[in-house]
There are 2 protein chains.
Amino acid sequence: MANAGEMRISAEALTRFTVEALKKLDVPDDEAKMVADVLVLADLRGVDSHGVARLNNYVEAIEKGYIVRKAQLKVLSEWPAIARLDGCNSLGQVVGIWAMKRCLDMAEKAGSACVTVTNSRHYGIAGYYAMMALERDMIGISMTNSRPWVAPTFGSKAILGTNPIAMAVPAGKERPWVLDMATSTIPIGKVEVAQRLGKPLREGVAIDSSGQVTRDPDAVYKGGALLPLGGTAETAGYKGYDLSVLVDILSGVLSAASYSANISNVWGLSPIGHFFMAVRIDAVRPVDEFKAMMDQMIRDLKESPKAVGQDRILVAGEPEFETEAIRRREGIVLPPKVAQTLRDMGQRLGVSGILP
Amino acid sequence: MANAGEMRISAEALTRFTVEALKKLDVPDDEAKMVADVLVLADLRGVDSHGVARLNNYVEAIEKGYIVRKAQLKVLSEWPAIARLDGCNSLGQVVGIWAMKRCLDMAEKAGSACVTVTNSRHYGIAGYYAMMALERDMIGISMTNSRPWVAPTFGSKAILGTNPIAMAVPAGKERPWVLDMATSTIPIGKVEVAQRLGKPLREGVAIDSSGQVTRDPDAVYKGGALLPLGGTAETAGYKGYDLSVLVDILSGVLSAASYSANISNVWGLSPIGHFFMAVRIDAVRPVDEFKAMMDQMIRDLKESPKAVGQDRILVAGEPEFETEAIRRREGIVLPPKVAQTLRDMGQRLGVSGILP
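Quantities reported herein were computed from a predicted structural model and do not represent experimental measurements. Numbers given for residues are sequential positions, taken from 1 along each chain in its written order. Chains carry letters and ligands carry numbers; both start at the beginning, A for chains and 1 for ligands, and go up in the order they are written. Totals for whole chains, interfaces and linings use all residues, but because this is a predicted model, local features are given only for residues with pLDDT of at least 70 and pairs of side-chain atoms are given and counted only at 80 or more.

Peer 1: Explain the relation of the copies chain B and chain A here, please?
Peer 2: Note that the two copies of the chain are related through a rotation about an axis and a translation along the same axis. The atoms used to superpose the copies are C-alpha atoms, taken from residues with pLDDT of at least 70 in both, and the fit is least squares. When chain B is fitted onto chain A, the two copies agree to an RMSD of 0.0 Å after a turn of 180° and an axial shift of 0.0 Å. In the structure described here, the two chain copies are related by an operation that fits a two-fold rotation axis. Considering only C-alpha atoms, the part of chain B nearest the rotation axis is Gly230 of chain B, at 2.1 Å. We call two residues in contact if the C-beta atoms placed from their backbones are at most 7 Å apart. Taken together, the interface assignments show that 100% of the residues at the interface of chain B recur at the interface of chain A, consistent with an identical surface on both copies.

Okay, structure coming up:
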């Protein structure tokens, strides 16, 4: 049962609601469907911060004209194994799906390909696009830059995004290996939650405006910042900082979109950049053999000796696949605040009869 | 001045010594030069653990027949933008330079390219190969799997390598941005140093054989392991664990070399795999504009507000370029143990008149 104020809803109904809400804003049918698919998959996989909890951001950005509602997409340059694409300020999911499809098509012919994208917007979970490679027996990679929340090592100001890296790799009998990680230690969503619950942050994940490590969630919003993966310099946080810049270079500088420091904190206002990559496995070795070795590696990891007190070693994507199986069966439970926002949105836009 | 037992030596002399030592083992001239170049560049850049301190490992592995001394190199499959190469158990540096050159040539035609390599050996610093892209105005990426030293999150046994990721990106007036990082929190070399000095490790970088965090360097060698970047699960160490697996997949599974868990702890005995990638910038946008944006991003990072007590924000590769400038001018100082090993080696192999 859902608790007071929570909403339990099926993925199908949530998708339908999202599509109808976007259509009320004159977003074309197919585009609304793409945005809904990416958002609801995030909710299914337990990445709640990137699911329909963000729908209101999309609605507002469309209403304010930050995002173009009928996608315009342009190819700026194309070689056999690389392209630069222009999202022309269209919805990030529409841009992302189009760009990754093109990348997969190019890799089909050349064996591997990269695509860098300018003038896009928030595209949801990076993993969605990486996973598009799986059904074609390819390896998929997806990255994006984003609004600044992370400080460089020895810095005090947030000028880097949480710039995620995703990679999806097909396996045989085992589930695919699917990495989707922010290059910060924690996502900004965890600070929001700590603030709401009045709980302190974990040590070494955030700094205040003077650059000192803090456990106070408020301090992050008052000019502080998240720390990159690894934490402070003492614990090799400069590696997470460098990984964030790596994403910024491939997504933002290569595409000419710009880097995180220049992305406005106003949601959806600034263009952002993505980077996609695809590798055709059978251009390299027989897919069956590759998948069998993936299976064996995954089993070797899972069956290796556990630390005292632990009974399980996980592989990338495993918790998300398990959450997805449960939520497809039992529905998605949205917290009271998100549920209320969706109800209000439905009322305002005239979408009725879908939410429970 | 060098302290007692230390050896101060020029890069040129150290290169000459390395070449002569390898030639005594019937390594061909050009191959000896490649190995020497990669090892000495590591010493110049301050990555002392990957410099001539390792030469003895190479010598022993060649003498034992683990490494083939006259390189045999085979192309197993080739598409316009991807190739699988076979190093045929030749010296890792010879394999790496050959493979990265081929990758750059492919990217020149296709716009981007990947190369995955099987049956190679330890190739020194990953960054060397990434940096080969710079003179051709390309972005270079280099990864390798390696002997197991790192435990997966919740595990107690080292079954992952410190599997490094390197990326080199040209800039304009600023120095190139050069990342070269192990996906563990610290390299195993730091444990060796702590053990030698009788000092404790930093908290959260290693575990003992039961999987508990330890500060005792001995415990790492007695069945313990390094923790991946991020440390324990509480501080998102699973991200470093996943990055290590990412490197294993692209270097080891894609190439069919195998993954870290199967790599012997006997130095040089097992085949390992590498992954290289190159992106031709002018296939995407004018190189000058790209470099100007890199310059601006680097300056924005460096000029952003500092944490209290800090006066400098670094970018990837900066400390290494500074160390290189000093060591090219003042020579490389080798610690007593390394100096003695080189002297003994010179005597044994009959290389005289080079070491000071």
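Don't stop here, the text continues.
Peer 1: When you look at the sheet that holds strand S7 (residues 177–181) of chain A in this model, what are you seeing that I'm missing?
Peer 2: Pairing between the strands of a sheet is mediated by backbone hydrogen bonds and can be parallel or antiparallel. Residue and element names in this part refer to chain A. Two strands are said to pair when DSSP picks up at least two bridges between them. Note on conventions: DSSP H or I runs of at least 4 residues are helices, E runs of at least 2 residues are strands, and numbering of each starts at the N terminus. The sheet built from 7 strands is open, its strands ordered S2-S3-S4-S10-S5-S6-S7 with mixed pairing. Edge strands, defined here as strands with exactly one partner in the open sheet, are strand S2 (74–79) and S7. Across the sheet, the axes of successive neighbouring strands diverge by a mean angle of 10°, strand direction being ignored. Angular values range over 0 to 180 degrees, each being the angle between N-to-C directions of two axes fitted as lines to C-alpha atoms, with helices fitted over their stretch in contact. Across the face of the sheet, helix H8 (residues 237–253) comes into contact with strand S4 (112–120), strand S5 (138–144), strand S6 (165–169) and strand S10 (272–280) while running at roughly 90° to S10.

Peer 1: What should I look at first to understand the interface of chain B and chain A in this one?
Peer 2: The figure often quoted for interface size is the accessible area lost as the parts come together. Residue-level contacts link 65 residues of chain B with 65 residues of chain A. At the level of secondary structure, the elements contributing two or more residues to the side of chain B that touches chain A comprise strand S2 (74–79), strand S3 (82–86), strand S4 (112–120), strand S6 (165–169), strand S7 (177–181), helix H8 (237–253) and helix H9 (287–303) of chain B. Only Asp, Glu, Lys and Arg are considered charged in this grouping, and only Ala, Val, Leu, Ile, Met, Phe, Trp, Tyr, Cys and Pro are considered nonpolar; every other residue, Gly among them, is considered polar. Taken together, the residues that form the side of chain B that touches chain A break down as 39 nonpolar, 16 polar and 10 charged.

Peer 1: Just checking my understanding: could you explain the nonpolar core for this structure?
Peer 2: Proteins that are soluble and globular tend to have nonpolar side chains buried together. Any nonpolar core is a set of buried residues, restricted to Ala, Val, Leu, Ile, Met, Phe, Trp, Tyr and Cys, that join up through C-beta atoms within 7 Å. Residues with at least 20 other C-beta atoms within 10 Å of their own are called buried, those with 12 or fewer are called exposed, and the rest are partly exposed. The C-beta atoms themselves are positioned from the backbone. Ranked by internal contacts, the top residues of the largest apolar core, which has 260 residues, are Cys103, Ala113, Phe276 and Ala278 of chain A together with Cys103 and Ala113 of chain B. With near-sequence residues (within four places) excluded, Phe276 of chain A lies in contact with Ala99, Met100, Cys103, Cys114, Val115, Tyr129, Ile141 and Ser142 of chain A.

Peer 1: So what exactly am I meant to see when it comes to the domain arrangement of chain A here?
Peer 2: Residue and element names in this part refer to chain A. Domain segmentation is taken from an automatic or database assignment of domains. Per the domain assignment, the segments making up chain A are domain 1 (7–65 + 331–349), domain 2 (74–183 + 232–283) and domain 3 (186–226). The distance between the C-alpha centroids of domain 1 and domain 2 comes to 23 Å. With 11 residues of domain 1 in contact, the opposing surface of domain 2 contributes 9 residues. Elements with a contribution of two residues or more to the side of domain 1 that touches domain 2: helix H2 (29–44) and helix H3 (55–63).

Peer 1: Would you mind showing me how to read the sheet that holds S7 of chain B here?
Peer 2: Residues and elements named next belong to chain B. Strand order in this open sheet of 7 strands is S2-S3-S4-S10-S5-S6-S7, and the pairing throughout is mixed. Here the strands that pair on one side only, and so sit at the sheet edges, are S2 and S7. Here the average twist between neighbouring strands, direction ignored, is 10°. Here 5 bridges tie S3 to S4, and the two strands are oriented parallel to one another. Across the sheet, the residue bridging to Asp86 is Thr118, located in S4. Where H8 meets the sheet, it contacts S4, strand S5 (138–144), S6 and strand S10 (272–280), and its direction lies at approximately 90° from that of S10.

Peer 1: I'm lost on unusual backbone geometry in this one. Help?
Peer 2: Trans peptide bonds make up most of the peptide bonds, and negative phi angles are found at most residues other than glycine. All names here are of chain A. The backbone of Asn119 shows a phi angle near 50°, a positive value even though the residue is not glycine. With respect to the secondary-structure elements, Asn119 resides in strand S4. C-beta crowding within 10 Å serves as the criterion here: with 24 such atoms nearby, Asn119 is assigned to the buried category. Positive phi, normally seen in glycine, also occurs at Ala256, with a value near 70°. Its location among the elements puts Ala256 in the loop between H8 and S10.

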